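Below are the chains, spelled out letter by letter.
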Amino acid sequence: MYGTQAINEKGHLCIGGVDTTDLAKEFGTPLYVYDTALIKDKINQFKEAFSQFEHVEWQVAYASKAFSTIAMIQLIDEQGLSLDVVSGGELYTALKAGLSPDRIHFHGNNKSVSELAMALDAKIGAVIVDNFYELDLLETMCAERNQEIAVLLRVTPGVEAHTHEFIMTGQDDSKFGFNLDDGMAERAVKQALSSPHLDLKGIHSHIGSQIFETEGFARAIKIMVGHIEAWHRNFGFQLEVLNVGGGFGIRYTDSDRPLPIKRYVETIVRTAQDEIARLNLHMPALWVEPGRSIVGEAGTTLYTSGAFKTIPGIRKYLSVDGGMSDNIRPSLYQAQYKAICANKALDSADTQMALAGKCCESGDILIKEAVLPESCSSGDLIAVFSTGAYGYSMASHYNRIPNAAVVFIEDGEAALAVRRETYDDLIRQDVALEKLSQRDSY
Ligand SMILES: Cc1ncc(COP(=O)(O)O)c(C=O)c1O
Ligand SMILES: N[C@@H](CCCC[NH3+])C(=O)O
């Protein structure tokens, strides 16, 4: 159980005081349900952990790739966090939600001219520059507009985080960032410092995602600060911001043992303080970019079960009304999840079955070895936990399945945050070819 989750006297899973069977009736399934009290609790854990350190400036920029909607950005705004965006779409959502542009940081390894123009028009807080192509492009665009912009440079510290290969990002062989080892980062720092329109504030690294230890962050900081000291000595680079990215792990299944948020933050602050003091540098502001650790555990997906089949001696398949179209992570990363039968939450879960999605793809299995009550069958409500990060945001229209609705729950109230797509929404952008519409019928 996570956050405000509880089981009521009817044996139904409740979130924020609301019976999930009522949610399913009102909003339909599949349904992404967010426990906003838990999101706020995670945000507070970051704030409290940083606030222990009196003389440290910090910013927590929520990584909106994990889950970006107008309602979510409004919540981030209300909580006073900054925001990391990685595309024109995420930037547009943030601006439309009313977030102050100076709190927006723009990431991405291939920002287009129009995306950078949108960022410059809005006068966002910082662009995190990923490569030389972007460094040149941004300088040219700023020169044309006679505008200055704050930048950080994304560097790859060569640290391999202990996580799935596809979500490791800090190693040398990566599409992201300037390598520290081969001198590319140093060249980029020199170029940015000599650029009349780029205000180089600092450097950024992100070593990966769903990380369960603090050592990788400490190593990355030590490596980065070592280089910063050399750049300071050699050409007077003054670091104002050290951004160590996101990647803090969460609990998907009972075997996941994430560290408390406080532990990650304390390691980051103490390592930075120690290294900065050791090398006699000026303490920079510390920025982090958590995505998953803010929204992951707060999201639960509700499905209705339908078809089932039992292959004697092999396994039972119970299919639900969603799948890889609303949660690609099991098929993409072999990610593990836990489910319960939300309308039979007090029945003992003792029967192993595969929880299958409805997409036309053998790999569309949400949980290969789900353990559910034996009686769990068609027409039941299945809750899959910890789907708040990279579920909705990575949803697809595969098999032309409309995107599920999103509700936010707080204090016994459910508020619709994203309407369920309709079939008409699906074909809204389709253009019928005139030539074909006018043809004689065969
Ligand atoms: C640059 C950057 N910052 C932040 C994040 C957020 O990571 P997480 O959701 O694991 O906290 C990511 C994604 O992994 C990222 O690439
Ligand atoms: N989308 C990934 C991780 C994000 C990678 C972003 N750099 C996941 O679901 O775990």
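So, here is what we can say about the structure in this document. Remember, predicted model here, so these are calculated numbers, not experimental data. (Residues numbered from 1 in each chain as written. Chains lettered and ligands numbered in written order. Predicted model: local features only at pLDDT ≥ 70, side-chain atom pairs only at ≥ 80, totals over all residues. Heavy atoms only, no water.)

1. Comments concerning the site of ligand 1
Piece 1. Within the structure, ligand 1 sits among 15 residues, and His206, Ser209, Glu289, Arg292 and Tyr390 are positioned closest to it.
Piece 2. At 2.9 Å from an oxygen atom of ligand 1 is found a main-chain nitrogen or oxygen belonging to Gly247.
Piece 3. The contact in question runs from an oxygen atom of ligand 1 to an N or O atom on the side chain of Tyr390, over 2.6 Å.
Piece 4. Here ligand 1 loses 92% of its free accessible area of 390 Å² to cover by the protein chains.
Piece 5. Classifying every residue of the shell around ligand 1 by side-chain character gives 3 nonpolar, 7 polar and 5 charged. (Near = heavy atom within 4 Å. Polar contact = N/O pair within 3.5 Å; in protein donor to acceptor, adjacent residues only side chain to side chain. Areas by Shrake-Rupley, 256 points an atom, 1.4 Å probe, with all protein chains shown as cover. Nonpolar A, V, L, I, M, F, W, Y, C, P; charged D, E, K, R; others polar.)

2. Here's the deal with the environment of Asp199
Piece 1. The topology assignment puts Asp199 in strand E11 (residues 198-204).
Piece 2. Expressed as a C-alpha distance, the spacing of Asp199 and Pro330, which sit 131 residues apart in the sequence, is 41 Å.
Piece 3. Residues in contact with Asp199, not counting those within four places in the same chain, are Glu148, Ile149, Ala150 and Val151.
Piece 4. Within polar-contact distance, the side chain of Asp199 engages the side chain of Lys201 at 3.1 Å. (Helix = DSSP H or I, 4+ residues; strand = E, 2+ residues; numbered from the N terminus. Contact = heavy atoms within 4.5 Å.)

3. Some points on the side chain of Thr69
Piece 1. When you line up the elements, Thr69 lands in the loop between strand E5 (58-63) and helix H3 (70-78).
Piece 2. Filtering out sequence-adjacent residues up to four positions away, Thr69 remains in contact with Thr93, Tyr392 and Val418.

4. Brief notes about the side chain of Glu275
Piece 1. Examined against the element boundaries, Glu275 turns out to sit in helix H9 (residues 261-278).
Piece 2. A distance of 3.0 Å separates polar atoms of two side chains, one belonging to Glu275 and the other to Arg278.
Piece 3. With sequence-adjacent residues up to four places away left out, Glu275 is seen in contact with Lys222 and Val225.

5. Details of a nonpolar patch on the surface
Piece 1. A grouping of Met1, Ile7 and Leu346 is seen on the molecular surface, where their side chains present a nonpolar patch of about 290 Å² in accessible area.
Piece 2. Structurally, the position occupied by Met1 is in the segment before strand E1 (6-7). (Patch = residues over 30% accessible without salt bridge, like charges linked within 9 Å, V, L, I, M, F, W, Y side chains within 5 Å. Salt bridge = Lys/Arg side-chain N within 4 Å of Asp/Glu carboxyl O.)

6. Some words on the nonpolar core
Piece 1. In this structure, Tyr62, Met72, Leu138, Leu242, Ile294 and Val295 are the most contacted members of the largest nonpolar core, which totals 111 residues.
Piece 2. If you look at the next biggest cluster of nonpolar residues, it comprises 19 residues, including Val320, Leu366, Leu372 and Cys376. (Core = buried A, V, L, I, M, F, W, Y, C linked by side-chain atoms within 4.5 Å. Buried < 20%, exposed > 50% of the residue type's maximum accessible area, 1.4 Å probe, protein only.)

7. Looking at the pattern of salt bridges
Piece 1. Counting across every chain of the model gives 20 salt bridges.
Piece 2. Residue Lys40 pairs with Glu78 through a salt bridge whose shortest N-O separation is 4.0 Å. On the criterion of sequence distance, the pair formed by Lys40 in helix H2 (residues 36-51) and Glu78 in helix H3 is long-range, its members being 38 residues apart.
Piece 3. By relative accessible area, Glu78 is classed as exposed at 54%.
Piece 4. What emerges from the salt-bridge pattern is a single network uniting Lys40, Glu78 and Glu410.

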